[in-house]
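Spelled out from the first residue to the last, the chains are:
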Amino acid sequence: MKVAIIKERRAHERRVAATPDSVKHMVGMGLEPVVESGAGAEAYFGDAAYGAAGAAIVPDAAAALADADIVLKVQRPLIGGGDGTDELGLIKRGAALIGLLRPLRHPEDLEAYARAGIAACAMELIPRITRAQTMDVLSSQANLAGYKAVLEAAAEFGRAFPMMMTAAGTIKAARVLVMGAGVAGLQAIATARRLGAIVSASDVRAAAKEQVESLGASFITVDDEAARGAETTGGYAREMGEEYQRRQRDKISEALRRTDIVICTALIPGRAAPVLLTEAMVAGMMPGSVIVDLAVEAGGNVEGSRPGEIATTANGVRIVGHLNMPSRIAVDASQLYARNLLAFLALIVDKEGQLRIDTEDEIVKAALLTRDGAVVNPALAAEPVLAPATSGATPGVSPGATPGATG
C-alpha cells in the first residue's frame with residue numbers, strides 16, 4: 001500500500017507527519033511511503049534522508065496523493081485551499097486519512113470527508129487508555145508545548161530565573177505560577193524548576209495536587225470538595241461553575257501579587273477555553289511580568305491575549321499568544337508525532353501490509369470519523385462544538401486539544 005506524506009500548508013505549521021526513521025519502519029511493515037519534496041524541510045528532515053530510508057520522493061502534493069491508500073497529515077487537509085491546493089480533492093475514495101483533524105472545532109469538515117468517501121481518523125480522539133499510550137498525540141505534543149512555553153517566557157522576562165549570589169549582590173529567584181497541571185502544565189513546572197524558579201500551580205482536579213508537589217512545586221487549592229468531582233473518567237476536566245471560578249479568581253489574584261511569570265494551559269475539549277485571568281487580575285501584576293497563554297487559539301485563558309502576538313498591557317505586563325507552540329520545536333514534535341502515527345498504523349495495517357480498519361477495536365472506533373460515505377463516530381453528535389477561532393489560526397495540538405483539565 002502507498003502511504004503519502006505531504007508538506008503541511010496551513011499557517012504556523014512546521015511539523016511533518018513522518019520522519020526518515022518512521023519511514024524506515026513503514027517500509028518494514030510492507031508499506032510504500034511517498035514523500036512530497038520539501039515536506040520535512042521546516043523540521044530539518046531533508047529529501048535525501050527520506051530517500052535513504054526507503055521513501056519515493058515526488059515533486060508535489062498531487063503526485064504524492066495520487067492513488068495513495070493512506071494519507072498521513074499533521075493538520076487537517078485543505079479543502080479548496082486559497083493557494084489553489086485542494087488536498088482533500090486529491091485523496092482517492094476509499095483511502096484512509098490520519099491526522100489532527102479537529103472535528104470538534106471544524107464539524108463542517110466531517111461532511112466533506114464523508115462526501116469524499118474516505119476513512120478519516122482523528123488522532124486527538126484516541127482514548128486515554130493504557131493500550132493507547134504510544135498513540136497519545138495530545139500528550140506527546142502538550143509535553144513539548146509546556147516545555148517551550150517556559151522558554152518563551154524566559155526569553156521575554158527581563159530577569160534571570162534562578163537565585164544568584166554574586167559579589168555585586170543577590171538576585172532573587174523568579175516566581176512562576178502554572179495554571180493547569182495536565183501534561184503541558186506538569187512539564188512547564190518541571191522546566192521552570194530546572195531553571196531555578198520558585199514554582200506554584202493550580203488545577204481544578206484534586207488528583208493534580210500530588211503530581212504538582214512531586215515536582216517540587218506548591219499547590220494552590222481553591223475548593224477540595226469541588227475538586228474531587230472535577231475530573232472525567234477520561235482524565236479531562238469538567239467545566240466548573242461560576243461560583244468556583246469566582247473563588248478561583250480571588251485565590252489566584254492573591255498569588256499574582258508575588259508572581260513574575262504565569263503559564264496558562266487550561267483547555268476543555270470541545271469548548272472555549274475558560275478565562276482564568278481577567279484584565280483586572282493582570283492589572284494587579286508587577287510591570288515586566290510575563291504571561292504565556294497556551295489556550296489562545298481556543299479563545300484564551302487571559303483577557304487581552306491576542307493570537308499570534310505578544311501584547312503589552314498598560315501596566316507593562318507582556319501576554320505571549322504564540323500560535324501552535326509544539327510547532328515552535330518542530331524537530332522533536334515531528335519525531336514524537338510520527339511515532340504516535342506508527343503505533344496507530346500498526347492497528348489498521350495487517351501483517352500482509354493491507355489496510356484493515358477494525359471498528360470492533362475501541363481505539364479505532366474512537367478515532368474513526370467517517371467511512372463509506374457516512375459520519376460513523378457516535379460520540380461527535382453528543383459533544384458540544386467549539387466555534388472556529390476568529391483569527392483564522394490553524395494550530396497544532398496543543399493548544400487546540402491538550403489533555404487534562406488544563407493542558
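Bear in mind the structure is a predicted one, so any value in this text is a computation, not a measurement.

### Focus: the overall build of the protein
Move 1: A count of helical and extended segments in the protein gives 14 helices and 17 strands.
Move 2: For the protein, the proportion of its 407 residues judged to be buried stands at 55%.
Move 3: Once local pairs closer than 6 in sequence are excluded, the contacts in the protein between residues at least 24 apart make up 71%.

### Notes on a positive patch on the surface
Move 1: A contiguous patch of positive charge on the surface is contributed by Lys-172, Arg-175, Arg-257 and Arg-258.
Move 2: By the element assignment, Lys-172 lies in the loop between β8 (169–171) and β9 (175–179).

### Some points on unusual backbone geometry
Move 1: The backbone phi angle of Tyr-44 is positive, close to 65 degrees, even though this residue is not glycine.
Move 2: Along the chain, Tyr-44 falls in the loop between β2 (32–36) and α2 (47–53).

### Remarks on the packing of aromatic side chains
Move 1: In this structure the tally under the stated criterion is one aromatic pair.
Move 2: Pairing Phe-157 with Phe-161 gives two aromatic rings, centres 6.2 Å apart and planes at 85 degrees, and the pair type is edge-to-face.

### A look at the pattern of salt bridges
Move 1: By the definition in use, this model includes 17 salt bridges.
Move 2: When the shortest N-O distance is used, the salt bridge between Arg-131 and Asp-361 registers 3.1 Å. In this pair, Arg-131 is assigned in the loop between β6 (119–122) and α6 (137–156) and Asp-361 in the loop between α12 (330–348) and α13 (362–367), connecting sequence segments 230 residues apart.
Move 3: Given a relative accessible area of 43%, Arg-131 falls into the partly exposed group.
Move 4: A relative accessible area of 15% means that Asp-361 is categorised as buried.
Move 5: Across the salt bridge formed by Asp-350 and Arg-356, the nearest N and O atoms sit 3.3 Å from each other.
Move 6: On the accessibility criterion, Arg-356 (47% relative accessible area) is partly exposed.

### Some remarks on the nonpolar core
Move 1: If you look at the biggest cluster of nonpolar residues, it comprises 43 residues, and the most contacted ones within it are Ile-70, Leu-72, Ile-98, Met-123, Phe-344 and Leu-345.
Move 2: Looking at this core, the elements with two or more residues in it are β1 (2–5), α1 (20–28), α2, β4 (70–75), β5 (96–100), β6, α12 and α13.
Move 3: Per element, the largest residue contribution to this core is eight residues, and it comes from α12.
Move 4: Look past the residues within four positions of Phe-344 in its chain and what remains in contact with it is Ile-98, Cys-121, Met-123, Ile-126, Met-135, Ile-363, Val-364 and Ala-367.
Move 5: Phe-161, Ala-188, Ala-197 and Val-290 belong to the second largest nonpolar core, which has 31 residues in total.

### With respect to the environment of Glu-152
Move 1: Summarising the element assignment, Glu-152 is placed in helix α6.
Move 2: By relative accessible area, which is 10% here, Glu-152 ends up buried.
Move 3: Taking the C-alpha atoms as reference, Glu-152 lies 9.6 Å from Met-325; in sequence the two are 173 residues apart.
Move 4: Once residues within four sequence positions are removed from consideration, Glu-152 is found in contact with His-322, Met-325 and Arg-328.
Move 5: Of note is the side chain of Glu-152, whose polar atom sits 3.0 Å from the side chain of Arg-328.

### Thoughts on the packing of α6 against α12
Move 1: Following both chains from N to C, one finds α6 and α12 inclined at 170 degrees, their axes separated by 9 Å at the closest point. The pairing of α6 with α12 is recorded here as roughly antiparallel in orientation. From α6, Val-137, Ser-140, Gln-141 and Leu-144 reach across to α12, where they touch Asp-332, Ala-333, Leu-336, Tyr-337 and Asn-340.
Move 2: Classifying every residue of the contact of α6 with α12 gives five nonpolar, three polar and one charged.

### Focus: the pairing of β9
Move 1: Burial analysis of β9 places four of its five residues in the buried class, the great majority of the element.
Move 2: Where β9 lies against strand β10 (residues 198–202), five bridges are found, and the strand directions are parallel. Considered in β10, the bridge of Val-176 is made with Val-199.
Move 3: With helix α7 (residues 183–194) bridging β9 and the parallel β10, this β-α-β connection has right-handed handedness.
Move 4: The sheet contact formed by β9 and strand β12 (residues 261–264) spans four bridges and is parallel. The residue bridging Val-176 from the neighbouring strand is Ile-261, located in β12.

### Points about the sheet that holds β1
Move 1: Read from one edge of the open sheet, eight strands run β3-β2-β1-β4-β5-β6-β16-β17, paired in mixed fashion. Only two strands of the sheet have a single neighbouring strand rather than two, namely β3 (56–58) and β17 (374–375).
Move 2: Of the strand pairs in this sheet, β1 and β4 are connected by three bridges, and their pairing is parallel. Among the inter-strand pairings, Val-3 is bridged to a residue of β4, identified as Ile-70.
Move 3: Each of β5, β6, β16 (368–371) and β17 touches helix α5 (residues 108–116); the most contacted strand, β16, lies at about 40 degrees to it.

### Topic: the confidence of the model for the protein
Move 1: Per-residue confidence for the protein gives a mean pLDDT of 89; residues scoring 70 or more make up 88%.
Move 2: Counting contacts from residues 382–407, a segment whose pLDDT is below 50, to residues more than four positions away or on other chains yields 100 contacts.

### Focus: α12
Move 1: In this model, α12 (19 residues) spans 27 Å end to end at C-alpha, consistent with the 27 Å of a helix rising 1.5 Å per residue.
Move 2: Each element contacted by the buried residues of α12 is listed here: α1, β4, β5, β6, α6 and α13.

### Things to note about α7
Move 1: Taking 1.5 Å per residue, 12 residues should reach 16 Å; α7 reaches 17 Å between its end C-alpha atoms and fits that length.
Move 2: Across the 12 residues that make up α7, a large majority, 10, are buried.
Move 3: Every buried residue belonging to α7 is among Val-183, Ala-184, Gly-185, Leu-186, Gln-187, Ala-188, Ile-189, Ala-190, Thr-191 and Ala-192, and all of these are buried.
Move 4: Against α6, β9, β10, α8 (208–214) and β12 lie the buried residues of α7.

Calculation notes
- The residue count restarts for each chain, going from 1 along the sequence in the order it is written.
- In keeping with the predicted nature of the model, local features appear solely for residues at pLDDT of at least 70, side-chain atom pairs appear and are counted solely at 80 or more, and the whole-chain, interface and lining totals rest on all residues.
- Water and hydrogen atoms play no part in the side-chain values, which are based on all heavy atoms of the structure.
- Helix numbering and strand numbering both begin at the N terminus, where a helix is a DSSP run of H or I of at least 4 residues and a strand a DSSP run of E of at least 2.
- Residue burial is assigned from relative accessible area. The probe radius is 1.4 Å, only protein chains are included, and a residue is buried under 20% of its type maximum, exposed over 50%, and partly exposed in between.
- Any two residues whose heavy atoms approach within 4.5 Å are treated as being in contact.
- Like charges are joined within 9 Å and nonpolar side chains (Val, Leu, Ile, Met, Phe, Trp, Tyr) within 5 Å, but only among residues with over 30% relative accessible area and no salt bridge; these make up the patches.
- All accessible-area figures derive from a Shrake-Rupley calculation using a 1.4 Å probe, and residue coverage is judged against the displayed protein chains alone.
- Salt bridges, as used here, are contacts in which a Lys or Arg side-chain nitrogen is within 4 Å of a carboxyl oxygen on Asp or Glu.
- In this count, Lys and Arg are taken as positive residues and Asp and Glu as negative ones, while His and the chain termini are left out.
- The atom standing in for a charge is NZ when the residue is Lys, CZ when it is Arg, CG when it is Asp and CD when it is Glu.
- By convention, a stacked pair of Phe, Tyr or Trp rings (six-membered ring in the case of Trp) has centres within 6.5 Å and planes under 30 degrees apart, an edge-to-face pair has planes over 60 apart, and any other such pair is tilted.
- Nine residue types can take part in a nonpolar core, namely buried Ala, Val, Leu, Ile, Met, Phe, Trp, Tyr and Cys, and a core is a set of them joined through side-chain atoms within 4.5 Å.
- Polar contacts, as used here, are pairs of N or O atoms within 3.5 Å; protein pairs need one atom able to donate a hydrogen and one able to accept it. Residues neighboring in sequence count only if both atoms are side-chain atoms.
- Fitted lines through C-alpha atoms give the axes, limited to the stretch in contact for helices. The angle between two N-to-C directions lies from 0 to 180 degrees.
- For classification purposes, angles smaller than 35 degrees are called roughly parallel, those larger than 145 roughly antiparallel, those between 65 and 115 roughly perpendicular, and all remaining angles oblique.
- When residues are grouped by polarity, Ala, Val, Leu, Ile, Met, Phe, Trp, Tyr, Cys and Pro land in nonpolar, Asp, Glu, Lys and Arg in charged, and all others, Gly among them, in polar.
- A strand pair is defined by DSSP finding two or more bridges across the two strands.
- Orient the strands so they point away from the viewer, and a crossover whose first-strand-to-second-strand path over the helix runs clockwise is right-handed.
- Predictor confidence is given residue by residue as pLDDT, running from a minimum of 0 to a maximum of 100.
- Residue count minus one, scaled by 1.5 Å, sets the expected span of a helix.

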